[in-house]
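# Fold and contact review
Next come the chains, spelled out residue by residue.
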Amino acid sequence: QAHYPYKEHFHGRKRLWEWRIQGHFKRRPGPLYCGVELEKYVPVNFATRTLMRGIIPLVQGALQCKQIRHEIGKEDDPSL
């Protein structure tokens, strides 16, 4: 088994993933797009939904980008 430096951090937690990206561009790039899609709908309670709505403007301000979007979807939406 390979040595993973964050093994202790994730031990015993439900979220067993992380995502990182780092790089340098030779020229300023155009728009960069990224997205995440889950396999199935994940129910979100009112408190979590409210917290997510509050965090999005902070992320937009930090990145100086108003085009950041976040959608949680609907349980009965067949397009998920």
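Below you will find a few notes about this structure. (Residues numbered from 1 in each chain as written. Predicted model: local features only at pLDDT ≥ 70, side-chain atom pairs only at ≥ 80, totals over all residues. Heavy atoms only, no water.)

## Focus: the overall build of the protein
Looking only at helices and strands, the protein features two helices and zero strands. Computed over C-alpha atoms, the radius of gyration of the protein comes to 17 Å, more than 25% over the 12 Å expected from 2.2 N^0.38 for 80 residues, which places it beyond the range of a compact globule. Counting only C-alpha atoms, the protein reaches 45 × 40 × 25 Å along its principal axes. Buried residues in the protein amount to 5% of all 80 residues. As displayed, the protein offers around 8,900 Å² of accessible surface, 56% of which is attributable to carbon and sulfur atoms. Across the protein, the mean location of the 14 positive side-chain charges is 10 Å away from that of the 8 negative side-chain charges. (Helix = DSSP H or I, 4+ residues; strand = E, 2+ residues; numbered from the N terminus. Rg over C-alpha atoms; globule rule 2.2 N^0.38 Å. Buried < 20%, exposed > 50% of the residue type's maximum accessible area, 1.4 Å probe, protein only. Areas by Shrake-Rupley, 256 points an atom, 1.4 Å probe, with all protein chains shown as cover. Lys, Arg positive; Asp, Glu negative; His and termini not counted. Charge placed at Lys NZ, Arg CZ, Asp CG, Glu CD.)

## A word on unusual backbone geometry
The phi angle at Gln64 is positive, at roughly 50°, despite the residue not being glycine. Within the fold, Gln64 resides in the segment after helix H2 (46-63). Gln64 gets classed as exposed once you look at its relative accessible area, which sits at 74%.

## Quick word on the state of the cysteines
Under the counting rule described, the total for this entry stands at zero disulfides. In this model Cys34 remains outside any disulfide bridge; the closest cysteine sulfur is found in Cys65, 11 Å from its own. Overall, the relative accessible area of 63% leaves Cys34 in the exposed class. Cys65 sits in the partly exposed class, given a relative accessible area of 28%. (Disulfide = S-S within 2.5 Å.)

## Topic: the side chain of Gln60
Here Gln60 lies in helix H2. Accessibility expressed as a relative area gives 12% for Gln60, which makes it buried. Separated by 3.1 Å, the side chain of Gln60 and the backbone oxygen of Ile68 make a polar contact. Not counting chain neighbours up to four residues away, the residues in contact with Gln60 comprise Cys65, Lys66, Ile68 and Arg69. (Polar contact = N/O pair within 3.5 Å; in protein donor to acceptor, adjacent residues only side chain to side chain. Contact = heavy atoms within 4.5 Å.)

## Points about a nonpolar patch on the surface
On the surface, Leu51, Ile55, Leu58, Val59 and Leu63 cluster together into a nonpolar patch covering about 470 Å² of accessible area. Structurally, Leu51 is set in helix H2. Residue Leu51 is classed as exposed on the basis of its relative accessible area, which comes to 54%. (Patch = residues over 30% accessible without salt bridge, like charges linked within 9 Å, V, L, I, M, F, W, Y side chains within 5 Å. Salt bridge = Lys/Arg side-chain N within 4 Å of Asp/Glu carboxyl O.)

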